[in-house]
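What follows is each chain in one-letter form.
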Protein chains: 2
Amino acid sequence: MIQLVLVGTGNLATHLFWAFQQSSVVQVVQVVGRRRASLKSFATHTAVTTDHTQILPADVYVLAISDNAIASVAASLPVSNAVVLHTSGSVPMEALVKHQHRGVFYPLQTFSKNKRIDFSDVPLCLEASDKKTMQVLEKLAQSISQQHYLLNSTQRGALHTAAVFVCNFVNHLYQIGFEITGENKLPFELLLPLIKETAAKVATMTPFDAQTGPAKRNDTQTIDTHRNRLQEKHHKEIYNLLTHSIYRLHQEQLNNKLG
Amino acid sequence: MIQLVLVGTGNLATHLFWAFQQSSVVQVVQVVGRRRASLKSFATHTAVTTDHTQILPADVYVLAISDNAIASVAASLPVSNAVVLHTSGSVPMEALVKHQHRGVFYPLQTFSKNKRIDFSDVPLCLEASDKKTMQVLEKLAQSISQQHYLLNSTQRGALHTAAVFVCNFVNHLYQIGFEITGENKLPFELLLPLIKETAAKVATMTPFDAQTGPAKRNDTQTIDTHRNRLQEKHHKEIYNLLTHSIYRLHQEQLNNKLG
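**Regarding the domain arrangement of chain A**
Residues and elements named next belong to chain A. What the domain assignment reports for chain A is domain 1 (2-151) and domain 2 (156-258). Computed over C-alpha atoms only, the centres of domain 1 and domain 2 are separated by 36 Å. Put simply, the parts of the chain that give the side of domain 1 that touches domain 2 at least two residues each are strand E6 (101-107) and strand E7 (124-128). Taken together, the residues of the side of domain 1 that touches domain 2 break down into five nonpolar, three polar and one charged.

Quick look at the structure:
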């Protein structure tokens with residue numbers, strides 16, 4: 001059994017806790033948080049503390065905390081032979097430089113409260129300071145997921161940036177769809193099959209081939225109709241920028257074919 | 001049996017054809033196209049023609065053609081007692097004004113070649129000039145889908161605009177994810193579980209509640225790291241605009257709570 005201390009009580013920490021609880025390879029021996037209230041849901045299952053001087057001995061320390069806090073919390077952990085990991089997409093592994101056996105355990109997924117995640121489908125992006133640490137990381141990864149990837153800090157940073165586009169920004173476009181349907185007394189649910197199919201398509205074809213709509217076709221009449229219909233200034237700005245970007249990409253391709 | 005003539009041979013026409021072929025209520029008696037080559041795949045299943053003077057008598061004429069062509073093709077159809085429909089999200093029903101029984105049959109979905117669609121899950125947005133026509137439309141809709149909605153032209157136009165955001169623009173963000181992963185020698189497939197979960201989340205929570213990421217948290221350090229990492233000028237522009245839009249929306253909400 002890998003004895004593990006989890007530092008953090010947010011969305012990711014909570015999801016990781018429940019994933020590890022279901023694994024037979026890992027035992028979460030303690031959860032460390034800043035406030036007693038946020039530790040409450042863990043306290044019936046394992047030891048908890050708010051006091052960094054009371055952290056238990058363990059094989060692995062997982063810092064599932066905000067990016068800004070990683071360096072300082074890592075510095076406050078006592079130096080030992082244990083493996084110290086963070087879970088961030090954008091913080092380099094070297095933020096943990098004080099610890100000889102350090103690594104990154106970055107689950108590429110969006111975590112919200114009250115929405116359970118099936119970890120077996122979550123790609124885990126691993127980076128380690130040395131072979132022995134990587135072996136521990138791989139054991140941890142295999143205990144909760146079917147897929148893990150070895151990425152260096154640069155690749156992980158790029159992946160995190162890509163994730164912002166395909167998740168955070170995509171969700172904001174859903175938000176705009178929500179606003180437009182709401183303004184017109186239409187149920188947002190009407191858009192769900194389209195949202196689902198749009199996501200499903202890129203599993204079997206490239207986003208380039210999957211592109212449809214007036215911007216790709218340069219259907220200026222429909223584009224003008226949409227522009228006139230949009231009420232909000234920032235909806236219009238986003239409409240214009242993305243329409244232009246799609247048009248340019250597909251126009252370029254068209255010109256290459258003709259040229 | 002409803003005898004139906006399908007005008008058009010593109011993606012939507014093809015998907016509709018196969019949906020109607022599987023229905024026991026509708027018989028596609030003819031497909032009308034501009035070029036003989038594009039009619040080939042239909043010709044083994046039903047009558048086909050490129051000649052508008054050879055269009056067969058039918059109960060319903062469905063124009064599944066480009067928006068720009070609807071008015072002129074509708075005008076070229078002989079006036080009769082039959083129902084004439086178009087399938088466009090953005091063209092008003094009145095483009096068919098020459099025909100007494102006119103309507104709109106707009107399937108809210110993204111259709112690509114070589115990707116079968118399960119029509120039973122596609123919301124059909126219906127509009128009709130009169131009660132009798134609406135009855136025919138509902139019969140048609142029920143023959144291929146489990147959900148249909150009665151929308152007027154304004155609502156349909158709004159829905160079509162919303163669809164551009166949640167489908168065409170979303171797909172373009174997938175494209176940018178594809179470009180960023182490619183530039184960094186990472187498989188695009190790494191992003192698929194995240195894409196899937198991001199789409200699935202808004203079926204059970206609002207996009208507002210589902211929002212995650214640095215823009216929402218106003219995590220300026222991570223945002224700056226992403227900005228510096230982005231190579232392409234238009235990736236940067238899209239990053240900046242959407243980050244600002246997310247920040248503004250969630251900041252407003254925060255201020256409302258505090259205020």
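**Re the relation of the copies chain A and chain B**
Between chain A and chain B, which share one sequence, the superposing operator has a rotation angle of 180 degrees and an axial displacement of 0.0 Å; the RMSD is 0.0 Å. Between the two chains, the operation in question is that of a two-fold axis. For chain A, the smallest separation between a C-alpha atom and the rotation axis is recorded for Val170 of chain A, amounting to 2.7 Å.

**A closer look at the sheet that holds E6 of chain A**
Residue and element names in this part refer to chain A. Read from one edge to the other, the open sheet built from eight strands follows the order E3-E2-E1-E4-E5-E6-E7-E8, with strand pairing classed as mixed. The open sheet has two edge strands with one neighbour each: strand E3 (47-49) and strand E8 (148-150). Going across the sheet, the axis of each strand differs from the next one's by a mean of 25 degrees, ignoring polarity. Contacting strand E1 (2-7), strand E4 (60-63) and strand E5 (83-86), helix H3 (residues 67-76) runs over the sheet at an angle of about 150 degrees to E4.

**Thoughts on the nonpolar core**
By size, the foremost hydrophobic cluster in this structure holds 158 residues, and its most contacted members are Leu6, Val62 and Val166 of chain A together with Leu6, Val62 and Val166 of chain B. Those residues in contact with Val62 of chain A that lie beyond four places of it in its chain are Leu4, Leu6, Val7, Leu16, Leu85, Thr87 and Phe105 of chain A.

**Regarding the interface of chain A and chain B**
Accessible area lost upon the coming together of the parts serves often as the stated size of an interface. Listed as interface residues are 76 residues of chain A and, on the opposing side, 76 residues of chain B. Sort the elements by how many residues they give to the side of chain A that touches chain B and helix H5 (residues 153-183) of chain A lands first, with 24 residues.

**Some points on the pairing of E1 of chain A**
On a regular strand, each side chain points to the face opposite its neighbour's, so the side chains alternate between the two faces of the sheet. All names here are of chain A. Note: E1 against strand E2 (residues 26-32), six bridges, orientation parallel. Of the residues in E2, the one forming a bridge with Ile2 is Val26. Taken together, E1, helix H1 (residues 11-21) and E2 form a β-α-β motif whose crossover is right-handed. Looking at chain direction, E1 and E4 are connected through four bridges and run parallel. Among the inter-strand pairings, Val5 is bridged to a residue of E4, identified as Tyr61.

**Details of unusual backbone geometry**
The phi dihedral of Lys185 of chain A is positive, around 55 degrees, even though this residue is not glycine. Here Lys185 of chain A falls in the exposed class, since 8 other C-beta atoms lie within 10 Å of it. In the Ramachandran plot, Asn218 of chain B falls in the positive-phi region, its phi being about 55 degrees despite a non-glycine side chain.

Scoring rules and cut-offs
- Residues numbered from 1 in each chain as written.
- Chains lettered and ligands numbered in written order.
- Predicted model: local features only at pLDDT ≥ 70, side-chain atom pairs only at ≥ 80, totals over all residues.
- Domains from an automatic or database assignment.
- Helix = DSSP H or I, 4+ residues; strand = E, 2+ residues; numbered from the N terminus.
- Nonpolar A, V, L, I, M, F, W, Y, C, P; charged D, E, K, R; others polar.
- Least-squares fit on C-alpha atoms with pLDDT ≥ 70 in both.
- Pairing = 2+ DSSP bridges.
- Axes fitted to C-alpha atoms, helices over the stretch in contact; angles between N-to-C directions.
- Contact = placed C-beta atoms within 7 Å.
- Core = buried A, V, L, I, M, F, W, Y, C linked by C-beta atoms within 7 Å.
- Buried ≥ 20, exposed ≤ 12 C-beta atoms within 10 Å, placed from the backbone.
- Right-handed = clockwise from strand over helix to strand, strands pointing away.

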